[in-house]
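# Coordinates in review
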Amino acid sequence: MKTCITTNKVLTDDFVEFKCPGCGERIARSLDARRRSLEYKCKSCGFAGA
Ligand SMILES: [Zn+2]
């Protein structure tokens, strides 16, 4: 099950998946978090972005 890296909510269909700019790990993020430019942090390498 995918969860949003920012909000930890379970993701169903309103999310985006991309690779971490730091380490290439797949990151899933809700569109809501992206729209609001909430900060996220990669669990693997600690890269932080918004
Ligand atoms: Zn990373």
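Conventions we followed
Residues numbered from 1 in each chain as written. Predicted model: local features only at pLDDT ≥ 70, side-chain atom pairs only at ≥ 80, totals over all residues. Heavy atoms only, no water. Helix = DSSP H or I, 4+ residues; strand = E, 2+ residues; numbered from the N terminus. Rg over C-alpha atoms; globule rule 2.2 N^0.38 Å. Buried < 20%, exposed > 50% of the residue type's maximum accessible area, 1.4 Å probe, protein only. Lys, Arg positive; Asp, Glu negative; His and termini not counted. Salt bridge = Lys/Arg side-chain N within 4 Å of Asp/Glu carboxyl O. Polar contact = N/O pair within 3.5 Å; in protein donor to acceptor, adjacent residues only side chain to side chain. Contact = heavy atoms within 4.5 Å.

## Some details on the overall build of the protein
Counting its secondary structure elements, the protein contains 1 helix and 4 strands. Of the regular secondary structure in the protein, the N- to C-terminal order runs β-β-α-β-β. Its C-alpha atoms give the protein a radius of gyration of 10 Å, within 12% of the compact-globule value 10 Å for 50 residues. Expressed along its principal axes, the backbone C-alpha trace of the protein runs to roughly 25 × 20 × 15 Å.

## Quick look at the side chain of R29
Secondary-structure assignment places R29 in strand β2 (residues 26-30). E39 provides the closest opposite charge to the buried, unpaired R29, separated from it by 8.8 Å. In this structure the side chain of R29 is engaged in a polar contact, spanning 2.3 Å, whose partner is the backbone oxygen of L38. Among residues more than four places away in sequence, those in contact with R29 are C4, I5, T6, L11, F15, V16, F18, R34, S37, L38, Y40 and A50.

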